[in-house]
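Remarks on the overall topology
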Amino acid sequence: MAWWENDPVYQAVAQAFVDGDPEEHAGGPLDVRAVVAAISREAKDAFAYDDVPWGRFPRGPETRDYVACLRSDDADVVLHAVRGVNGELANSAWSVAALAVPFLLRVAADPRGHCRAYALELTAGIVQWTPGPGRCTREELLRVTDGEGRYEPSGYFGTWGIEAARDAIAADADLVMALLDDLDPEVRAAAAYAGVVASGRIDDIRGALHTRLRVEADPTVSAGLVLAIAQLAYEHADPACEAWAQALWSDPAMPPAVRVSATLGWLCLTDALVPDALRAVLDACATDETARLMTPLPWMRAVDYDGDSGLRRCLRGLLHPESPEPQWDDPWRSPPALT
């Protein structure tokens with residue numbers, strides 16, 4: 001008999017979600033959406049993680065221990081804690097990762113904190129669906145979710161964890177939007193990545209992204225803001241965004257990374273044939289320098305496994321989806337042109 005078969009938490013989950021109908025438990029003590037929604041703002045702001053009923057969920061106590069370390073003065077301790085929550089997410093424990101979201105957001109909002117961008121990006125990572133290397137098609141690249149139901153290894157209905165994380169980010173949308181103006185460019189880019197997965201406050205978030213883009217001086221962050229605006233338009237229909245993206249990539253006064261990001265957004269927002277003018281922009285702007293500049297963006301890292309080929313993979317998938325993903329066995333061999 002496996003150890004978990006005698007664990008009351010796992011038994012309760014199996015009874016509710018494996019042997020029963022999850023919808024019968026909607027809004028109840030096993031619905032992580034309801035649990036996250038019930039965490040008061042006072043508890044979140046006070047970092048009162050012990051007010052959260054971690055023990056109801058598989059891997060809850062372990063995740064609680066990670067959250068308890070997030071405000072340590074020791075950067076290594078915080079890094080280990082964030083990695084710990086990320087590890088639970090990597091093991092498809094969306095529910096307990098969602099319970100950590102309000103506290104991860106407050107780590108990101110604390111200018112004295114450690115691993116702020118990592119913590120913020122992790123909140124988005126609970127929700128952001130990425131196609132992975134070699135599958136960056138126009139239908140896949142800027143999707144927030146793939147629409148499929150998710151179950152955790154324990155049998156818990158993981159889709160509720162994803163929804164809970166989206167709701168938690170929406171509840172703290174003011175905090176996330178404020179981070180778009182943070183002094184740290186990595187935090188600003190991560191805030192854009194997180195804002196687009198919120199379940200509400202969409203018009204406010206869209207307006208904040210556009211406002212930040214108008215004043216952003218860092219070309220990497222600007223490129224990320226363009227991707228975020230396009231992704232938001234993909235997720236929440238914005239008929240004007242396709243023309244907006246085309247105007248950006250058509251404007252020679254825009255920085256190359258912004259123009260390239262605008263081409264990615266445009267390609268994902270329409271199924272129109274790729275115009276020669278767009279290919280000309282990529283020929284001029286999608287250089288190795290632009291690829292390196294965009295490498296830190298979470299959208300690029302999510303589809304990359306070589307360290308600096310995210311943009312190349314995106315363009316290959318968007319422009320030549322029928323081509324197989326090449327294998328770079330020789331790390332010293334020069335890759336082909338981006339387009």
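1. Considering the packing of aromatic side chains
Any two aromatic rings considered together are summarised by their centre-to-centre distance and by the angle between their planes. On inspection of all chains with the given rule, the structure shows 10 aromatic pairs. An angle of 75 degrees between the planes, with centres 5.6 Å apart, marks the rings of F157 and W160 as edge-to-face. For the pair shown, F157 and W160 are each scored as buried. Ring centres of W249 and W266 lie 6.0 Å apart, and the angle between their planes is 80 degrees; this geometry places the pair in the edge-to-face category. You can see W249 sitting in helix α13 (residues 241-250) and its partner W266 sitting in helix α14 (residues 256-269), a full 17 residues away along the chain. The pair W249 / W266 is uniform in exposure class, with both members buried. Chaining the aromatic ring pairs together yields one cluster made of F17, F57, Y151, Y156, F157 and W160.

2. Quick word on the layout of surface pockets
Volume-wise, the largest pocket comes out at about 490 Å³. Along the wall of the largest pocket there are 28 residues; nearest its centre are G125, I126, V127, Q128 and W129. Those elements that provide at least two residues to the lining of the largest pocket are α5 (75-90), α7 (116-125), α8 (158-171) and α17 (298-302). Among the residues making up the lining of the largest pocket, the classes are represented as 13 nonpolar, eight polar and seven charged.

3. Some remarks on empty space enclosed by the protein
Taken as a whole and assessed by the stated rule, the structure comprises one cavity of 30 Å³ or more. There is about 80 Å³ of room inside the largest cavity. T130, L141, L142, Q231 and W299 are the residues nearest the centre of the largest cavity, which is lined by 15 residues in total. Secondary-structure elements contributing two or more residues to the lining of the largest cavity are α12 (219-235) and α17.

4. So, the pattern of salt bridges
Enumeration according to the criterion identifies 22 salt bridges in this entry. With a closest N to O distance of 2.9 Å, R106 and D45 form a salt bridge. Of this pair, R106 sits in helix α6 (residues 94-109) while D45 is found in helix α3 (residues 41-45), placing the two residues 61 residues apart along the sequence. According to the relative accessible area criterion, R106 is buried, its value standing at 5%. Here R212 ties to E216 by a salt bridge, and the two come within 3.0 Å at their closest N and O atoms. You'll find R212 and E216 in the same group, each marked buried. What you see here is one network of salt bridges that share partners, running through R41, K44, D45, R106 and D172.

5. A look at the nonpolar core
Proteins that are soluble and globular tend to have nonpolar side chains buried together. If you look at the biggest cluster of nonpolar residues, it comprises 115 residues, and the most contacted ones within it are L99, L120, L209, L264, M294, W299 and M300. Looking at this core element by element, the count peaks at 12 residues for α6. If near-sequence neighbours (up to four positions away) are discounted, M294 is found in contact with A223, A257, V260, S261, L264, M300 and L311.

6. Some words on the state of the cysteines
The full count for this structure, using the stated rule, is zero disulfides. C241 takes part in no disulfide bond, and the closest cysteine sulfur, belonging to C268, lies 11 Å away. C241 sits in the buried class, given a relative accessible area of 2%.

7. Some thoughts on the side chain of E88
Note on placement: E88 falls in helix α5. A relative accessible area of 4% places E88 in the buried class. In this view, E88 contacts R59, E62, T63, Y66, A93 and V96; residues no more than four positions away in its chain are not counted.

8. What about helix α15 (residues 276-285)?
What α15 keeps buried is the set L278, V281, L282 and C285. Looking straight down α15, one finds that the buried residues subtend no more than 95 degrees of arc, so they occupy a single side. Opposite the buried face of α15, by more than 90 degrees, sit the exposed residues D276, D283 and A284. Check the buried side of α15 and you find it contacts α13, α14, α16 (288-294) and α18 (310-319).

9. Quick word on the confidence of the model for the chain
Per-residue pLDDT for the chain averages 90, and the proportion of residues at 70 or more is 91%. Across residues 328-339, confidence stays below pLDDT 50; counting only partners more than four residues off in sequence or on other chains, it has 20 contacts.

10. Focus on α6
Between the first and last C-alpha of α6 there are 22 Å, a value that for 16 residues agrees with the 22 Å anticipated at 1.5 Å per step. Bending of α6 peaks at approximately 45 degrees at the position of V101, with proline P102 no more than four residues after it. Where burial is concerned, most of α6 is hidden: 15 out of the 16 residues are buried.

Reading the values: the criteria
Residues numbered from 1 in each chain as written. Predicted model: local features only at pLDDT ≥ 70, side-chain atom pairs only at ≥ 80, totals over all residues. Heavy atoms only, no water. Phe/Tyr/Trp six-rings, centres within 6.5 Å; stacked < 30°, edge-to-face > 60°. Buried < 20%, exposed > 50% of the residue type's maximum accessible area, 1.4 Å probe, protein only. Helix = DSSP H or I, 4+ residues; strand = E, 2+ residues; numbered from the N terminus. 1 Å grid on protein atoms, 1.4 Å probe; cavity = no way out; pocket = protein on both sides within 12 Å on 5 of 7 lines; lining within 4 Å. Points joined across faces, edges and corners; volume = space filled by probe spheres on them. Nonpolar A, V, L, I, M, F, W, Y, C, P; charged D, E, K, R; others polar. Salt bridge = Lys/Arg side-chain N within 4 Å of Asp/Glu carboxyl O. Core = buried A, V, L, I, M, F, W, Y, C linked by side-chain atoms within 4.5 Å. Contact = heavy atoms within 4.5 Å. Disulfide = S-S within 2.5 Å. Arc of directions from axis to C-beta. pLDDT = per-residue confidence, 0-100. Expected span 1.5 Å × (residues − 1). Bend = angle between axes of the 7 residues up to and from the residue.

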